[in-house]
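A structural walkthrough
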Amino acid sequence: MARARQVTKNGATFRYGGTWSPDSKKLAFTDKTWTLWWVDVATGATTKVDHSETSEIGGITWSGDSRWIAYTRPSAEF
């Protein structure tokens, strides 16, 4: 069994949740600024996916091949 290690570093804000990709090579998460990110576990490289201006992004799920992320982004339209 592999030793535990920190995957993300130098976060400027609190991070929420974490949804593993099916191949366990990526981790998607949101932060307090309502931004959705994913991190490559092997390299630690973090990629910004989207940002909401109105509320927290939720419902994060990965496609079966780990290539795509689906999520709910609140709309400013009511």
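Turning next to the overall build of the protein chain. Regarding its fold elements, the protein chain presents zero helices and six strands. Listing the helices and strands of the protein chain from first to last along the sequence gives β-β-β-β-β-β. Each principal axis of the C-alpha atoms in the protein chain carries an extent, and together these give about 50 × 30 × 15 Å. Looking at the protein chain residue by residue over its 78 residues, the buried ones come to 27%. In the protein chain, of all internal contacts separated by at least 6 residues, the share reaching a separation of at least 24 is 23%. Of the accessible surface of the protein chain, which amounts to about 5,600 Å², a share of 52% is contributed by carbon and sulfur atoms. Computed over 10 positive and 8 negative side-chain charges, the inter-centroid distance for the protein chain is 10 Å.

Looking now at unusual backbone geometry. Non-glycine residue Ser24 carries a positive phi angle of around 60°. Among the structural elements, Ser24 can be located in the loop between strand S1 (15–20) and strand S2 (26–31). Taking relative accessible area as the criterion, Ser24 reaches 45% and is therefore assigned partly exposed. Positive phi is not limited to glycine here, since Ser66 has a value of about 65°. Structurally, Ser66 is set in the loop between strand S5 (58–62) and strand S6 (69–72). By relative accessible area, which is 1% here, Ser66 ends up buried.

A separate point is the packing of aromatic side chains. Under the defined criterion, the tally for this structure stands at one aromatic pair. When the ring of Phe14 is compared with that of Tyr16, the centres are 5.1 Å apart and the planes differ by 70°; the resulting orientation is edge-to-face. A cation over an aromatic ring shows up here: Lys26 above the ring of Trp38, its NZ or CZ 5.4 Å from the ring centre.

This brings us to the sheet that holds S1. Across the sheet, which stays open at both edges, the four strands sit in the order S1-S2-S3-S4 with antiparallel pairing between neighbours. In this open sheet, the two strands that pair with only one neighbour each are S1 and strand S4 (46–51). Between one strand axis and the next, the sheet turns through 25° on average, direction left out of account. Pairing of S2 with strand S3 (residues 35–40), which is carried by five bridges, proceeds in the antiparallel orientation. Bridge pairing in S3 places Ala28 opposite Trp38.

So, how was this worked out
Residues numbered from 1 in each chain as written. Predicted model: local features only at pLDDT ≥ 70, side-chain atom pairs only at ≥ 80, totals over all residues. Heavy atoms only, no water. Helix = DSSP H or I, 4+ residues; strand = E, 2+ residues; numbered from the N terminus. Buried < 20%, exposed > 50% of the residue type's maximum accessible area, 1.4 Å probe, protein only. Contact = heavy atoms within 4.5 Å. Areas by Shrake-Rupley, 256 points an atom, 1.4 Å probe, with all protein chains shown as cover. Lys, Arg positive; Asp, Glu negative; His and termini not counted. Charge placed at Lys NZ, Arg CZ, Asp CG, Glu CD. Phe/Tyr/Trp six-rings, centres within 6.5 Å; stacked < 30°, edge-to-face > 60°. Lys NZ or Arg CZ within 6 Å of the ring centre and 35° of its normal. Pairing = 2+ DSSP bridges. Axes fitted to C-alpha atoms, helices over the stretch in contact; angles between N-to-C directions.

Such coordinate-based values are descriptive only and should not be taken to indicate function.
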